[in-house]
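Spelled out, the chains give:
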Amino acid sequence: MTDHSELTALLSDWLPRQRWFAGKGRAGGQLRVEQDIRLTLDAHAKAVLRLLVIKVSYDDGGPSDYYQVPVVIRDDSPFGHEGFLIGESSSGIVYDGLRDADGNAALLTYLRRGASREGLTATAVETLEDLTARPVGAEQSNTSVVYGEAYILKVFRRLWPGMNPDLEITQVLARAGSGHVARPVAWLSGQLSGVPTTFAFMQDYLRTGAEGWLLALASVRDLYAEGDLHADEVGGDFAAEAERLGAATAQVHRDLAGALPTRPADAATLGAVADYLHQRLDGALAAVTELAPFETALRTAYDAVRGIEHPAPFQRIHGDLHLGQVLRVESGWVLFDFEGEPARPVPERTVLESPLRDVAGMLRSFDYAAQSMLLERQDEPALAYRALEWADHNRDAFCRGYGARSGTDPRDEGALLNAFELDKAVYEVLYEARHRPGWIGIPLRSVERLTGDPEQQRAQPAVRASDEGAQ
Ligand SMILES: Nc1ncnc2c1ncn2[C@@H]1O[C@H](COP(=O)(O)OP(=O)(O)O)[C@@H](O)[C@H]1O
Ligand SMILES: O=P(O)(O)O[C@H]1O[C@H](CO)[C@@H](O[C@H]2O[C@H](CO)[C@@H](O)[C@H](O)[C@H]2O)[C@H](O)[C@H]1O
């Protein structure tokens, strides 16, 4: 195939505009097509799916990134074709292959036939049905496609050499008989820098599942609509669900600890954790100036980790747990996306960590749910108080559920939990700065609150006092 310079030119414009492109803010961005694998098995097809692996190198001399970009190239007229156009090349019109009916059909056929081309091998645990595709609406860290109502296929956008932790951990939990994951049904493995690498992962589609984030928002909405009621009095109280979610999270941790290695958290381990938190903060401070006023307080909270005695052993965890990563099905809560934080290099995401990191992630998410609905209502102090109340109520319920299943209430490990919550909030500040600048106030205000910023302390009591007086 001889059209790589044209494809490179088209993708140089298209790739940086995608939500999952991680190189925002890095200068340079030179693209090169590293792999080009024809996935359409029919030799005479007019619309051909080609899986491109693009290497992006930067002027800063830092590590290059790799992205997976399946494209459909049509050699007929584009008229009447509804797809996401990338551009025109001499070999045909180029579309985003994961937003294209022919592209998604070709991908499923490749998986169904257990095909293997140029090192890209499909494995399925059962005979897959031939079903119509529907891309999952929102672009997130990756791109997912639902087939019929039976399977969901996640195509990893940014590739890292090695097995993706999402596939690895979901398989481990499924083998352990966990009811808290969706069954893995197929995957695509290729090569990256000479290492066998996961390119895509298919699971059972949980058709009746309701996303935790949306359920939580519905509860917050109920509370805000009932100005005089408290979080436990409104129709949509979420606390019973939060408690079940805490128990499910503890059970997943227990299953992972039973199936994979664990390590006691000794002084050296905790010292390394504190150093790592400082190092993450260094990166965030360099990128987001608004964090500077909180640096001293953050570093003090991180140093407190060094002196902790007898914390829970370290083990494999979810790594990026939040309300958007859990689905409520009839039998209870299901967790997905065990990929860890998408911006972290995969080798960092597979190390043994404190399970409290996941707890902290979920606690932050309760705060997010309550605060996100205030983004357009900054001038209503009574609601700001309601938001804190809703979040605290559900954070308590989550910890209660977690403690009941694990035997240890996460709040008993306060200093470690606090440090992880702050670290998560700092990560979120960076994430929002890069991907959703309009939301950056949510984690920033939390950093302010959690570090006990004096300005904030002065601002809060007026709101709280008036509310308490009204009770
Ligand atoms: N097994 C499943 N059944 C039903 N919906 C799912 C399943 N797994 C994921 N989803 C939905 O697909 C969306 C994207 O999945 P996710 O793993 O979070 O992708 P990303 O890595 O891009 O964030 C989620 O928001 C969730 O609602
Ligand atoms: O789901 P992803 O793996 O893509 O995770 C990334 O994006 C999340 C946003 O979609 C981001 O989560 C943050 O926003 C959520 C609400 O949209 C909130 O529930 C989370 O608590 C908050 O961290 C996540 O951090 C990021 O890694």
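Fair warning: this is a prediction, and the values are worked out from it, not measured in the lab.

1. What about the overall build of the protein?
Broken down by element type, the protein carries 13 helices and 16 strands. Taken against the 2.2 N^0.38 rule, which gives 23 Å for 471 residues, the C-alpha radius of gyration of the protein at 23 Å falls within 12% of a compact globule. Referenced to the eigenvectors of the C-alpha coordinate spread, the extents of the protein come out at roughly 75 × 50 × 45 Å. In the protein, which comprises 471 residues, the share counted as buried stands at 54%. Here the contacts in the protein between residues at least 6 apart in sequence split such that 68% fall between residues at least 24 apart. Carbon and sulfur atoms provide 51% of the accessible area of the protein, an area that totals close to 20000 Å².

2. Considering the pairing of strand 13 (residues 195–204)
Most of strand 13 sits out of view: seven of its 10 residues are buried. Two strands pair when backbone bridges link them, and strand 10 (residues 151–155) and strand 13 are joined in this way by five bridges, in the antiparallel orientation. Residue pairing across strands places Ile 152 opposite Gln 203, the latter belonging to strand 13. Pairing between strand 12 (residues 184–192) and strand 13: eight bridges, direction antiparallel. Residue pairing for strand 13: Ala 186 is matched across the bridge by Met 202. Hairpin remark: strand 12 followed by strand 13, antiparallel, with two residues in the connecting loop; positive phi at Ser 193, about 50°.

3. Re the environment of Ser 193
Residue position: Ser 193 is located in the loop between strand 12 and strand 13. C-alpha separation for the pair Ser 193 and Gly 162, spaced 31 residues apart in sequence, amounts to 9.5 Å. Those residues in contact with Ser 193, other than ones at most four positions away along the chain, are Tyr 66 and Pro 161.

4. Here we look at the packing of helix 11 (residues 414–435) against helix 12 (residues 441–450)
Look at helix 11 against helix 12: their axes get within 8 Å of each other, and the N-to-C directions meet at 155°. On the basis of their axis angle, the class for helix 11 and helix 12 is roughly antiparallel. The handedness of the crossing between helix 11 and helix 12 is left-handed. In this structure, helix 11 uses Asn 418, Glu 421, Leu 422, Ala 425, Val 426, Glu 428, Val 429 and Glu 432 to contact helix 12, whose residues at the interface are Pro 443, Leu 444, Val 447 and Leu 450. Looking at the contact of helix 11 with helix 12 residue by residue, the classes come out as eight nonpolar, one polar and three charged.

5. Points about the site of ligand 2
Taken together, 14 residues lie around ligand 2, and Ser 141, Asp 320, Ser 365, Tyr 427 and Glu 428 are the ones closest in. His 322 places a polar side-chain atom, nitrogen or oxygen, 3.2 Å from an oxygen atom of ligand 2. Side-chain polar atom of Tyr 427 to an oxygen atom of ligand 2: 2.5 Å apart, as the coordinates give it. The protein chains hide 94% of the 530 Å² of surface that ligand 2 would expose on its own. The set of elements that each furnish at least two residues to the shell around ligand 2 consists of helix 9 (356–372) and helix 11. The leading source of residues in the shell around ligand 2 is helix 11, at three residues.

6. Looking at the domain arrangement of the protein
Structurally, the protein comprises domain 1 (4–204) and domain 2 (210–458). In this complex, domain 1 contributes 23 residues to the contact, which on the side of domain 2 involves 24 residues. Between domain 1 and domain 2, the buried area comes to about 2100 Å², and carbon and sulfur atoms account for 58% of it. Three residues stand out in domain 1 for area buried against domain 2, namely Trp 160, Ile 169 and His 180, and they jointly supply 31% of the buried area on that side. On the surface where domain 1 and domain 2 come into contact, there are two salt bridges. Residue Glu 168 pairs with Arg 316 through a salt bridge whose shortest N-O separation is 2.9 Å.

7. Some details on the sheet that holds strand 15 (residues 326–329)
The sheet built from three strands is open, its strands ordered 14-15-16 with antiparallel pairing. For this open sheet the edge positions go to strand 14 (210–211) and strand 16 (332–335), each flanked by a neighbour on one side alone. Alignment of strand 15 against strand 16, held across four bridges, turns out to be antiparallel. In the sheet register, Leu 327 faces strand 16, and the bridge partner there is Val 334. The strands touched by helix 5 (residues 239–259) within the sheet are strand 15 and strand 16, with strand 16 carrying the most contacts at an inclination of about 50°.

Cut-offs applied
Residues numbered from 1 in each chain as written. Chains lettered and ligands numbered in written order. Predicted model: local features only at pLDDT ≥ 70, side-chain atom pairs only at ≥ 80, totals over all residues. Heavy atoms only, no water. Helix = DSSP H or I, 4+ residues; strand = E, 2+ residues; numbered from the N terminus. Rg over C-alpha atoms; globule rule 2.2 N^0.38 Å. Buried < 20%, exposed > 50% of the residue type's maximum accessible area, 1.4 Å probe, protein only. Contact = heavy atoms within 4.5 Å. Areas by Shrake-Rupley, 256 points an atom, 1.4 Å probe, with all protein chains shown as cover. Pairing = 2+ DSSP bridges. Axes fitted to C-alpha atoms, helices over the stretch in contact; angles between N-to-C directions. Parallel < 35°, antiparallel > 145°, perpendicular 65-115°, else oblique. Left-handed = near helix turned anticlockwise from the far one by under 90°. Nonpolar A, V, L, I, M, F, W, Y, C, P; charged D, E, K, R; others polar. Near = heavy atom within 4 Å. Polar contact = N/O pair within 3.5 Å; in protein donor to acceptor, adjacent residues only side chain to side chain. Domains from an automatic or database assignment. Buried area = accessible area lost by both parts, 1.4 Å probe. Salt bridge = Lys/Arg side-chain N within 4 Å of Asp/Glu carboxyl O.

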